[in-house]
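# Structural features, examined
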Amino acid sequence: MLLLVANPSFAVESDKVSHFAGSAALGVVADSVIYHTATQMGPGERFAASTGAALVPGFIIECVDEFSGYHFSWPDLLAGALGSGTGSVLGELVNGQFWISASGRQVRLIGHW
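Right, let's walk through the structure included here.

Time to look at the overall build of the protein chain. When helices and strands are tallied, the protein chain shows four helices and two strands. The secondary structure elements of the protein chain, listed N-terminal to C-terminal, are α-α-α-α-β-β. The buried share among the 113 residues of the protein chain stands at 32%. Pairs at least 24 residues apart make up 56% of the contacts formed inside the protein chain by residues separated by at least 6 positions.

Here we come to the packing of aromatic side chains. Across all of its chains, the model carries two aromatic pairs by this definition. Taking the centre distance of 6.0 Å and the plane angle of 70° together, the rings of F59 and F72 count as edge-to-face. With a gap of 13 residues between them, F59 in helix α3 (residues 43–67) and F72 in the loop between α3 and α4 (74–94) connect regions that are remote in the sequence. In this structure F59 comes out as partly exposed when scored by relative accessible area, which is 40%.

Using the criterion set out here, one finds three salt bridges in the structure. The salt bridge partner of D76 is K16, with a shortest N-O separation of 2.8 Å. Placement of D76 in helix α4 and of K16 in helix α2 (residues 14–37) is noted, with a sequence separation of 60 residues between them. Residue classification places D76 among the buried residues on the basis of a relative accessible area of 6%. Residues R46 and E92 are paired through a salt bridge, measuring 2.9 Å at the closest nitrogen-oxygen approach. Taken as a pair, R46 in helix α3 and E92 in helix α4 lie far apart in primary sequence, 46 residues in all.

Relative to the helices and strands, S88 resides in helix α4. For S88, the side chain forms a polar contact with the side chain of S50, separated by 2.9 Å. Within the structure, the side chain of S88 is placed 3.0 Å from the side chain of T51, a separation counted as a polar contact. When near neighbours in sequence (up to four residues on either side) are disregarded, S88 contacts G27, V28, D31, F47, S50 and T51.

Scoring rules and cut-offs
- Residues numbered from 1 in each chain as written.
- Predicted model: local features only at pLDDT ≥ 70, side-chain atom pairs only at ≥ 80, totals over all residues.
- Heavy atoms only, no water.
- Helix = DSSP H or I, 4+ residues; strand = E, 2+ residues; numbered from the N terminus.
- Buried < 20%, exposed > 50% of the residue type's maximum accessible area, 1.4 Å probe, protein only.
- Contact = heavy atoms within 4.5 Å.
- Phe/Tyr/Trp six-rings, centres within 6.5 Å; stacked < 30°, edge-to-face > 60°.
- Salt bridge = Lys/Arg side-chain N within 4 Å of Asp/Glu carboxyl O.
- Polar contact = N/O pair within 3.5 Å; in protein donor to acceptor, adjacent residues only side chain to side chain.

This is how it looks when you write it as structure tokens:
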């Protein structure tokens, strides 16, 4: 999110957007799987596990790039990390752990844990 807010959207390279979007999708999937299978985990543990799991494919891609003639790109990995974290939070929202309550002049993020 910070990557997209800090720069105008037209200035972000399409490569970074694809790393962010792909990792976000993996974060949603990983969080959904962990949410429904590891019921003993709390939201913080699920966030850490799903973010880490969603980041692994991006890290592997960067390692393959390093050994196939391209270079390891830390900015690509950062975009993937931001995407996997965003996807994990979105997965928590989708799975019902958190929800947004808005009334009057107040907007709150609440949940049941």
